[in-house]
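Here is how the chains run, residue by residue.
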Amino acid sequence: MFSHIMVGTNDIERSKRFYDAVLGVLGAGAPLRNQAKTGHARLFYRHDGSTFCVSEPINGEPACFANGGTTGFKCGSPEQVRQFHDTAVAHGGTSIEDAPGLREGSLGAMYLAYVRDPDGNKLCALHRPKV
């Protein structure tokens, strides 16, 4: 359904350090670094047919996070959910909502962890156990 997801940053080097570590947990390699025609820096992390992008806003305004928005990352195990969370926190992210772990609800059982990146973008690590 999605070709890519892009979030904004006010500090591309800080974001690179954060996302290199966090997306490395999922198996993503180094990003493709690109410069927009406007001169703004962008990072493109490609993995498993998807692209996650981080960009300085091309309109010159400060980057801000989407109120109510969350970017979810699929994990292969509950342990990977925990590692995603812990790596994010160790690299400048902030743990939010409930502690990482199993949630039972109307959408079924899921292992979840929520963090905010250094710019405030909300990220979710999710693993659905096989039933």
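**Some details on the packing of aromatic side chains**
The geometry of an aromatic ring pair is captured by the separation of the ring centres together with the interplanar angle, meaning the angle of the planes. For the structure shown, the criterion picks out 5 aromatic pairs. Seen in terms of ring centroids, Y19 and Y45 are 6.4 Å apart; in terms of plane orientation they differ by 50°. Their pairing is tilted. One end of the pair, Y19, is in helix 1 (residues 12-25); the other, Y45, is in strand 3 (residues 41-47), and 26 residues separate them in sequence. On the accessibility criterion, Y19 (1% relative accessible area) is buried. For the ring pair F73 and F84, a centre distance of 5.6 Å and an interplane angle of 35° mean the geometry is tilted. Taken together, the positions of F73 in strand 5 (residues 71-74) and F84 in helix 2 (residues 78-90) put the pair 11 residues apart, joining distant regions of the chain.

**A look at the packing of helix 1 against helix 2**
Here helix 1 crosses helix 2 at 170°, and the two axes come no closer than 9 Å. The pairing of helix 1 with helix 2 is recorded here as roughly antiparallel in orientation. From helix 1, F18, A21, V22 and V25 reach across to helix 2, where they touch Q80, Q83, F84, T87 and A88. Residues that form the contact of helix 1 with helix 2 fall into these classes: 6 nonpolar, 3 polar and no charged.

**Notes on the layout of surface pockets**
The calculated volume of the largest pocket comes to roughly 560 Å³. Along the wall of the largest pocket there are 19 residues; nearest its centre are H47, S50, G72, F73 and K74. At the level of elements, strand 1 (4-8), strand 3, strand 4 (50-55) and strand 5 are the ones that each hand at least two residues to the lining of the largest pocket. If one sorts the elements of the lining of the largest pocket by residue count, strand 5 sits on top with 4 residues. Considering only residue class, the lining of the largest pocket consists of 8 nonpolar, 8 polar and 3 charged. Volume-wise, the second largest pocket comes out at about 180 Å³. As for the second largest pocket, its lining consists of G72, F73, K74, C75, C124, L126, H127, R128 and K130. Where the lining of the second largest pocket is concerned, the elements lending two or more residues are strand 5 and strand 8 (122-127). Residue classes in the lining of the second largest pocket are distributed as 4 nonpolar, 2 polar and 3 charged.

**Details of the side chain of T9**
Among the secondary structure elements, T9 is positioned in the loop between strand 1 and helix 1. Here the side chain of T9 touches D11 through a polar contact of 3.1 Å, landing on its backbone nitrogen. The contacts of T9, once residues within four sequence positions are left out, are R14, S15, V54, S55, E56, P57, A63 and D119.

**Description of the pairing of strand 2 (residues 32-35)**
Note: strand 2 against strand 3, 4 bridges, orientation antiparallel. If you follow R33 over to strand 3, its bridge partner there is L43. A loop of 5 residues connects strand 2 with strand 3, the two strands running antiparallel in sequence, and G39 in this loop sits at a positive phi of about 95°.

**Looking at the nonpolar core**
In terms of nonpolar packing, the biggest core is built from 23 residues, with Y19, L23, F52, V54 and F84 touching the most fellow members. Only helix 1, strand 3, strand 4, helix 2, strand 7 (110-116) and strand 8 provide two or more residues apiece to this core. If one sorts the elements of this core by residue count, helix 1 sits on top with 6 residues. Excluding anything up to four places from it in sequence, V54 contacts V7, T9, I12, S15, Y19, A41, R42, L43 and Y45. Ranked by size, the runner-up nonpolar core spans 5 residues in total, among them I96, L112, Y114 and C124.

What counts and how
- Residues numbered from 1 in each chain as written.
- Predicted model: local features only at pLDDT ≥ 70, side-chain atom pairs only at ≥ 80, totals over all residues.
- Heavy atoms only, no water.
- Phe/Tyr/Trp six-rings, centres within 6.5 Å; stacked < 30°, edge-to-face > 60°.
- Helix = DSSP H or I, 4+ residues; strand = E, 2+ residues; numbered from the N terminus.
- Buried < 20%, exposed > 50% of the residue type's maximum accessible area, 1.4 Å probe, protein only.
- Axes fitted to C-alpha atoms, helices over the stretch in contact; angles between N-to-C directions.
- Parallel < 35°, antiparallel > 145°, perpendicular 65-115°, else oblique.
- Contact = heavy atoms within 4.5 Å.
- Nonpolar A, V, L, I, M, F, W, Y, C, P; charged D, E, K, R; others polar.
- 1 Å grid on protein atoms, 1.4 Å probe; cavity = no way out; pocket = protein on both sides within 12 Å on 5 of 7 lines; lining within 4 Å.
- Points joined across faces, edges and corners; volume = space filled by probe spheres on them.
- Polar contact = N/O pair within 3.5 Å; in protein donor to acceptor, adjacent residues only side chain to side chain.
- Pairing = 2+ DSSP bridges.
- Core = buried A, V, L, I, M, F, W, Y, C linked by side-chain atoms within 4.5 Å.

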